[in-house]
Amino acid sequence: MINLQQDAEGFIRMKRHFPGSAEVAVTFADGSRELFSGLDLNRIYDDALAVYRAQNQLDAKGFSRGPKKKVQAAIEFVAIHPGMGK
């Protein structure tokens, strides 16, 4: 089981996908705790990554098709709240 702690702004640190069969326990800032499957958290991560890429005009693979400049192509923190795993 993987244990994650939500920070005060409502984010968990998630730099990559978790194994689909993993159980992940998230302790929220209010003290409540919820179990997520790895697949659920991977879906939440993918949704957050898609929003990030859309807001920064990146394509589906995270590349900028505009003028060359350094652009962060991934995210490290994912917003989460109780009930998202259902």
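To keep things clear, this report deals only with the structure shown in the data block. Just so it is clear, the model here is predicted, and its values are computed rather than measured.

Criteria and cut-off values
Residues numbered from 1 in each chain as written. Predicted model: local features only at pLDDT ≥ 70, side-chain atom pairs only at ≥ 80, totals over all residues. Heavy atoms only, no water. Salt bridge = Lys/Arg side-chain N within 4 Å of Asp/Glu carboxyl O. Helix = DSSP H or I, 4+ residues; strand = E, 2+ residues; numbered from the N terminus. Buried < 20%, exposed > 50% of the residue type's maximum accessible area, 1.4 Å probe, protein only. Polar contact = N/O pair within 3.5 Å; in protein donor to acceptor, adjacent residues only side chain to side chain.

**Some remarks on the pattern of salt bridges**
Here the structure, examined in full by the defined rule, presents two salt bridges. In this structure, aspartate 47 engages arginine 43 in a salt bridge whose closest nitrogen and oxygen atoms are separated by 4.0 Å. One end of the pair, aspartate 47, and the other, arginine 43, are both in helix α1 (residues 38–55), four residues apart, so they sit about a helical turn from each other. Overall, the relative accessible area of 38% leaves arginine 43 in the partly exposed class.

**Some remarks on the side chain of glutamate 34**
Within the secondary structure layout, glutamate 34 lies in strand β4 (residues 33–37). A polar contact of 2.8 Å, which involves the side chain of glutamate 34, links it to the backbone nitrogen of glycine 83.

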